[in-house]
Every structure is written in C-alpha cells, then in structure tokens.
Amino acid sequence: LEVGACVSIILMFGMAYSMSRDNETNVGRNLSYMPVGVNRYLMSKFVPYFVLGFVQMLLLYCIGWVAFRIHFEINILLCLLLSLVFIMATISLSLIFSMVKSQIATVFLDMVVILLPIFVLVMIYVQATPIYLQILLNLFPLVPFVNLLNGMMFNGVIIWQNVLILAVQSVVYYLIAMLTLKSKV
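Source: prediction; values computed, not measured.

Novice: I would appreciate a short explanation of the packing of aromatic side chains in the present structure.
Specialist: Each aromatic ring pair is described using two quantities: the centre-to-centre distance and the angle formed by the ring planes. All chains considered together, the criterion is met by three aromatic pairs. Ring centres of Phe46 and Phe50 lie 6.2 Å apart, and the angle between their planes is 15°; this geometry places the pair in the stacked category. You can see Phe46 and its partner Phe50 sitting in helix α3 (residues 38–66), four residues apart, about one turn around the helix. Here Phe50 falls in the partly exposed class, since its relative accessible area comes to 22%. Taking the centre distance of 4.1 Å and the plane angle of 15° together, the rings of Phe86 and Phe145 count as stacked. In this pair, Phe86 is assigned in helix α4 (residues 76–97) and Phe145 in helix α7 (residues 142–155), connecting sequence segments 59 residues apart. Cluster of aromatic residues (ring-pair linked, three or more members): Phe46, Phe50 and Tyr174.

Novice: Would you explain a nonpolar patch on the surface in this entry?
Specialist: Where nonpolar side chains cluster on the molecular surface, the patch consists of Met43, Val47, Val51, Val55, Leu59, Ile63 and Phe68 and spans about 630 Å² of accessible area. As for its position among the elements, Phe68 is in the loop between α3 and α4.

Novice: Looking at this structure, I do not really get the side chain of Asp110. What am I missing?
Specialist: Mapping Asp110 onto the fold places it in helix α5 (residues 103–123). Accessibility expressed as a relative area gives 0% for Asp110, which makes it buried. If sequence neighbours within four positions are ignored, Asp110 has contacts with Met12, Phe13, Ala16 and Phe97.

Novice: Would you mind going over α7 with me for this structure?
Specialist: Each turn of an α-helix holds 3.6 residues, which means side chains three or four residues apart point in the same direction. Here α7 contains 14 residues, and its C-alpha end-to-end distance of 19 Å stays within 8% of the 20 Å for a straight helix at 1.5 Å per residue. Judged by how many residues are buried, α7 sits mostly within the fold: 11 of 14 residues are covered. Tucked inside the fold, the buried residues of α7 contact α1 (2–24), α3, α4, α5, α6 (131–137) and α8 (160–184). After α7 finishes, the residue Gly156 shows a positive phi value of roughly 70°.

Novice: What's the story with empty space enclosed by the protein in this structure? I'm lost.
Specialist: Empty space left among the atoms is revealed by rolling a probe the size of a water molecule over them. The full count for this structure, using the stated rule, is one cavity of 30 Å³ or more. What lines the largest cavity is Ser8, Met12, Thr90, Val113, Ile114, Pro141 and Leu142. Among the elements of the structure, α1 and α5 are those that each provide at least two residues to the lining of the largest cavity.

Novice: Explanation requested: the state of the cysteines in the structure shown.
Specialist: This structure, assessed with the given rule, holds zero disulfides. Left without a disulfide partner, Cys6 is nearest to the cysteine sulfur of Cys62, which lies 14 Å away. The class for Cys6 is partly exposed, based on a relative accessible area of 31%.

The rules behind each value
- Residues numbered from 1 in each chain as written.
- Predicted model: local features only at pLDDT ≥ 70, side-chain atom pairs only at ≥ 80, totals over all residues.
- Heavy atoms only, no water.
- Phe/Tyr/Trp six-rings, centres within 6.5 Å; stacked < 30°, edge-to-face > 60°.
- Helix = DSSP H or I, 4+ residues; strand = E, 2+ residues; numbered from the N terminus.
- Buried < 20%, exposed > 50% of the residue type's maximum accessible area, 1.4 Å probe, protein only.
- Patch = residues over 30% accessible without salt bridge, like charges linked within 9 Å, V, L, I, M, F, W, Y side chains within 5 Å.
- Areas by Shrake-Rupley, 256 points an atom, 1.4 Å probe, with all protein chains shown as cover.
- Salt bridge = Lys/Arg side-chain N within 4 Å of Asp/Glu carboxyl O.
- Contact = heavy atoms within 4.5 Å.
- Expected span 1.5 Å × (residues − 1).
- 1 Å grid on protein atoms, 1.4 Å probe; cavity = no way out; pocket = protein on both sides within 12 Å on 5 of 7 lines; lining within 4 Å.
- Points joined across faces, edges and corners; volume = space filled by probe spheres on them.
- Disulfide = S-S within 2.5 Å.

In structure tokens:
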C-alpha cells in the first residue's frame, strides 16, 4: 500500500503541476499552430514521468529488500516489470485530471484517487464487497496494484486479472486524455 501510494503521489502531483502550467500558458491552444500533434505532446509529458516512476519503483523495492529485509517470493525484476503497468495507468489517469483548468481541482481529484482507495483498502477486504463496488474500486489504479503486489511479494503469485485491469486502464485513460485534449485544441 505504501509503495503504490508513494508512487501515485509523486507522479500524479507532478503531472498536475506540469499540465496546469501548460493550461495557464495556453499551450493547448498553441498546439493547433505547431507541427506537434496531440499524441506527441501527451507523450512528451508521459515519458519523463514514466522514467521517474520506474526509478522510484526500483528504489522503493531496493530499499525494502536491503533496509527492511523484505523477501520477495517472486523475482524482483519481474515484480518491477509488472509494476510498470501500474505506473502507466497512474500517469494516464493523471493526464485526464490535468485537463481541468483549475490546478486546485486537479489536485483535489488526485487526492480523491489516492486517498479513497487507501481508506477502503485499510478498512475492508475489497473482494468481499458487492460486485458493483468492486468494479468502482477497480477504476482506481491503486486497488488492482495493491492486490497484484501483495500476491507477487508475499505469495509468489501473479494475479493476471489485476495486470489486465491495469493495462486496460492505461489504454482507456490515455485515449480519454487524448480525445479531451483534441477537443480543446
């Protein structure tokens, strides 16, 4: 839970400040006059945060392994590679939230997406909730990632359903962000 929350906070708030600055300076409007397309613009925002998320995840796993003596039941590199899907889903969702004009609204949405799953995961067992609540909670990238990471680290099991959920989130959220930006341009 701590790994997912730490990565989410850094990536989502970083993206919120980066994109809100672009919203304030009307970069979106200027895209229509430049040879840079919407997809290339979004990728220019996506790639640096993806690299940052990769490095952050690597450092957190190494700190857990060395400092706290956490014994991974699965290969740590495989764990890191599957965690990249979570990073992509988190960045894609933050791209959507960053389309909001107000920086305060963007930060509020980011906090809801981070704090609500943390509260729910601490208080209840997600799989024991009604199906509609499970579907709603799985819209937040943190919920399937925590289930995936717990399975990998402590049981040595890869829960492919959670990997699929995160992969679908990555694609769908990115497409929504791209369509939203295209409509603004």
